[in-house]
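This is what each chain is made of:
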Amino acid sequence: MALGSALPGAKGKTVEDQNRIDRTVAPGCAIGLYNAGECDRHTKASAERRAELRN
């Protein structure tokens, strides 16, 4: 999978959208495209968004 190929169409309105966003960010974190602080912020923001979507 190419970096970012999961993102098109994701709007952050569903858990599946959040999964697509996470699948876009995770490889960038793994290869060092984003720094540790950016990856930590995404992880926290993703968890918060998932909690919002469950309610």
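Everything below is about the structure shown above.
The sections below set out a description of the structure shown in this document.

1. A look at the pattern of salt bridges
It is possible for side chains bearing opposite charge to pair when their charged atoms get close. Taken as a whole, this structure holds three salt bridges when the rule is applied. We note a salt bridge from R49 to E52, for which the minimum N-O separation is 2.8 Å. Separated by three residues within a single helix, R49 and E52 lie in helix 2 (residues 36-54), roughly one turn from each other.

2. Some details on the side chain of Q18
With respect to the element layout, Q18 can be found in helix 1 (residues 15-30). A residue is classified by how much of its surface remains accessible, and Q18, at 5% relative accessible area, is buried. Not counting residues within four places of it along the chain, the set of residues in contact with Q18 comprises H42, S46, R49, R50 and L53.

3. Structural notes on helix 1
Helix length check: helix 1 (16 residues) gives 22 Å between terminal C-alpha atoms against 22 Å at 1.5 Å per residue, within 8%. Those residues of helix 1 that sit buried are D17, Q18, D22, T24, V25 and G28. Buried residues in helix 1, looked at end-on, bunch into an arc of 165°, giving them a common side. Each element contacted by the buried residues of helix 1 is listed here: helix 2. Backbone geometry just downstream of helix 1 places G32 in the positive-phi region, at approximately 85°.

About the thresholds
Residues numbered from 1 in each chain as written. Predicted model: local features only at pLDDT ≥ 70, side-chain atom pairs only at ≥ 80, totals over all residues. Heavy atoms only, no water. Salt bridge = Lys/Arg side-chain N within 4 Å of Asp/Glu carboxyl O. Helix = DSSP H or I, 4+ residues; strand = E, 2+ residues; numbered from the N terminus. Buried < 20%, exposed > 50% of the residue type's maximum accessible area, 1.4 Å probe, protein only. Contact = heavy atoms within 4.5 Å. Expected span 1.5 Å × (residues − 1). Arc of directions from axis to C-beta.

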